[in-house]
Amino acid sequence: MPAATPEPGRGRPAADFSGPDSGSGPGKQPGATTGGTAVDPLGARVDALGELLGLSRTRINPDALAETGELLERIGERRRLSVEHTVVALAGATGSGKSALFNALAGLPLSETGTRRPTTARPVACAWQPERAAGLLDRLGVAPQDRYTLRSARIPAPTGGTGGGDTAAGSADFGTGGFRDTVMDAAGGADPWDAGPAGGDFEGSAALPVGDGGCPAGSRLDGAGGECAGGTPAGGTSLDGLVLIDLPDHDSAAPGHRAQVDRLLHLVDVVVWVLDPEKYADAALHERYLRPLSGHADVTVLVLNQVDRLPGDSADLVLDDLRRLLDEDGLAVGEHGEAGAVVLATSALTGHGVPDLRAVLVQIVAERTAAGRRLAADMDLTASRLRPLYVGEGGAGLTDPAREEFVDRLADAVGAAGAGRSAERDWAAAAREACGTPWGRLMGERTGAGAGSPGSRETPTSPVRRSGPGSTVGFAGPVASRPLVGEAVRGLAADAARGLPAPWAQAVRDAAQRGGEGLPVALDGAARRAEPGPPERPGWWPAAHGVQWLLMALAVAGAVCLIVRAVGSIELTWWVPVVMIAAGGIGGPLVSAGCRMAARGPARRYGQAAERRLRDAAADCGRARVLEPVAAELMRYREVREQFAVVADTSPRAPHARNSHSAQSHSHSSG
C-alpha cells in the first residue's frame, strides 16, 4: 500500500518568533526593529496581553485570569530559550505505538517498547544537535537520564588541539546539558538517516553498526528486507534542531501520567498525535484534546499508526473517517494544498510512511517558526476565552441624552423648578411692595402681623430661602430628595453599563454607587449655597413709589378740600376736589397694575436664573461624584478594549501551508 501523502497544515501564518539571539522578548516594544529585522507581531500581542491583565486585575475575578497569567509566563520562558530548536512531542493512547515510532525516527531503540501497559512512564527526549537545548528540556522536566542526543562527530578541537576527529560518546563535555550521546557518526553525517556505512556508540550497549543500504542497525524493524525506519537515503535532509519527546499515554491508568501529558502539551511547539486503528475515534481523545486545540492545526500532525494491521484498502477508509471526525472537532485538515493539520498513515513495524513523517518534521524544523505559531495559536485560544470578559453587545458608553437625563433628575431632586417659581414670586412680591399704593401696603402689614403675608408663605417644592419681605427663615433640614437621587444614580448606572461585558458593567455600577452614597448631602450644601439673594431694585421702582405717594397726596388734598367746602370755609367748585380724589384714588391702583405687568418679565428672568443656578449646582455635584468616576471606568474599558483588539489580532493574514514536495517524493518512492 502506498504511503499517504502528508496534508499541508492549516491556520495562521508563521508568527515572527524572536528569542535571545534577536534581542527580543516579552517586553519588547511593538513595532521595534532589531538589526533591520521586521517587527515582531507576537511581541506586540504579548505586550498588549500584559497591559490587558494590568488594567483588569481589580475588575475581573483573578480565577478568570489565572490561565492568561500562566500563558504569559509560558511565552516568556519559551522566548528566552533557544529558537534554533523545535520541540515536537509524540502523544497518543496506550498501545498506539508512540515509542516504536519514536525509535523509528531516531533510528535507535531509545524508548522502551513492549506489551506491558503502560510502557512509557516518563517523557523520553532525543535531540539532534543538542547545544542550547538543555534549557528547553529543563523547562519540560525531562530527567537527565532520559535525554539522548544524535549529533555530528565533527566537534571543534579544544583550545590548543590539533583538529577534529572521532570522539567516543560521553568522552568529553560538549556543553549538552546532561545529554547521553547515542550516535557519534565518524563519517561526519548529521544523524543515522544521513549517515553512510559507519558505526556509533549507544549508551550502555555495544557498538551499533550500520546495516545494508545505509540503515543503522536496529532501524530495519521489519527484519525482512523492508525500508529503513527513517527511510531517508544517505545524504538526506538533516533534522538538526529537532527535540523529539516521547510522552506517556494520555489515557494511562497509572497515576500522574495524564497530568504529565497535559502539562507537557502546553509547553511543546508541535504535537504529533499517534493514533491506532482501534482508538482513533476515542471520545476522550477528541473531547479532551483535539476539540479544545482545534485552533492549533498549524502545529498539529496526526499519524494513523499500525496500518500494517489493516487489510486491503481499509487504511484509506479509516483515514477518511478520521478526517471526518477531525472536521467535526473543528480541526482543519489540509487537503489539495490548503492549510490545515497534516494527516499521515504509518507503520513503525514495517517502516511504511515513516519517511513521510520525517519529511514533515524536516520542514517544520527547517522553518524554525513552529514555536512562534504555537504561541500565536495559544494567544488565539486565550483571546477566544477572554472575549466574553472584554467584548459586549453593541456599542458601550455614556451618551449625551443619558447625561442630560441624569442632570434633570438631580434638578428635580433639589426642586430646581419649584425654586425658580418661588424666586419669581418673590421678585413679583417685591415689585408689588415697592410699587403698590401706600394704603395697600399698610393693610398688608396689618394682615401680615396676624397671619403672615401671602409673600411669606413657603411652598413645599421650593428649597430656596425667601429673600423678599417677610421671608427671614431658610430650610435647615435636608433639601435633596433621597429617593429621587437614588433613582437618578441607578438610572445613570444602567445606561452606562448597557452593552458592557458583565465584569465591566458591574465595575460601572459600583463606581456609580460609591459616588451616589454621599451625593444627597453634597446636593444639600450646593442647594443652600445656590440660594438667591435679595432681588435687585430696578430704577423704576423708586419712581413708581414716588408717583404712588403723589397720587395719594392728591387724593388726600382733594378730600380735605371737599370737607372744607362742605363746611363753607372756602368757596370752591365742587368738582375740583372730586376730580382730585378720583385721580388719586384711581391712579394709584392703575399705577400698581402697570407695575405688576412691567414686573412679569424681570420676575420670570429672576426665577429662571435661580432655577439655572440651582440646576448647575446639582449638575456640578453629580458630575464630580458620579459622572466623572463612571466616565473614568468607561475610559478604562475603552483602553482595555483596544488592548484586547491587539491580543485578538483580527488583522487579515495569509495562511501558512507546508511544502509537501519532499514527503510526496518519499510516498512515490515507497509506492
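Keep in mind it's a predicted model, so treat the numbers as computed, not measured.

(A) Focus on the environment of L492. Assignment of secondary structure puts L492 in helix α13 (residues 482-497). On the accessibility criterion, L492 (2% relative accessible area) is buried. When the C-alpha atoms of L492 and V508 are compared, they prove to be 9.8 Å apart, with 16 residues separating the residues in sequence. Among all residues touching L492, those that are not within four sequence positions of it are L398, A402, F406, V626 and L627.

(B) Quick look at the nonpolar core. Core analysis: the biggest nonpolar cluster contains 60 residues, and Y390, F406, L519 and L523 have the highest contact counts within it. Examining the composition of this core, we find that 13 residues originate from one element, helix α17 (residues 575-648), more than from any other. Each residue touching Y390, except ones within four places of it in the same chain, is listed here: L52, S56, I60, L65, P501, W504, Y637, V640, R641 and F644. Ranked by size, the runner-up nonpolar core spans 41 residues in total, among them A133, L136, A297 and L331.

(C) Here's a closer look at the environment of S252. By the secondary structure assignment, S252 is in the loop between β5 (242-246) and α5 (257-265). For the pair S252 and A93, spaced 159 residues apart in sequence, the C-alpha to C-alpha distance is 7.4 Å. A distance of 2.9 Å separates a polar atom in the side chain of S252 from a polar atom in the side chain of H257.

(D) Up close: the environment of P130. By secondary structure assignment, the location of P130 is in the loop between β2 (124-128) and α4 (134-140). With a relative accessible area of 0%, P130 lands in the buried category. Linking P130 and D240, residues 110 residues apart in sequence, is a C-alpha distance of 8.5 Å.

(E) Structural view of helix α3 (residues 98-106). Burial runs high along α3: eight of the nine residues are buried. When α3 is considered as a whole, its buried residues turn out to be K98, S99, L101, F102, N103, A104, L105 and A106. Trailing α3 by a residue or two, G107 shows a phi angle of about 80°, which is positive.

(F) Summary view of the confidence of the model for the protein chain. Across the protein chain, pLDDT averages 75, with 71% of residues at or above 70. For residues 152-176, every residue scores under 50 in pLDDT, and the model assigns this stretch 30 contacts once sequence neighbours within four places are set aside. Across residues 183-236, confidence stays below pLDDT 50; counting only partners more than four residues off in sequence or on other chains, it has 128 contacts.

Calculation criteria
- Residues numbered from 1 in each chain as written.
- Predicted model: local features only at pLDDT ≥ 70, side-chain atom pairs only at ≥ 80, totals over all residues.
- Heavy atoms only, no water.
- Helix = DSSP H or I, 4+ residues; strand = E, 2+ residues; numbered from the N terminus.
- Buried < 20%, exposed > 50% of the residue type's maximum accessible area, 1.4 Å probe, protein only.
- Contact = heavy atoms within 4.5 Å.
- Core = buried A, V, L, I, M, F, W, Y, C linked by side-chain atoms within 4.5 Å.
- Polar contact = N/O pair within 3.5 Å; in protein donor to acceptor, adjacent residues only side chain to side chain.
- pLDDT = per-residue confidence, 0-100.

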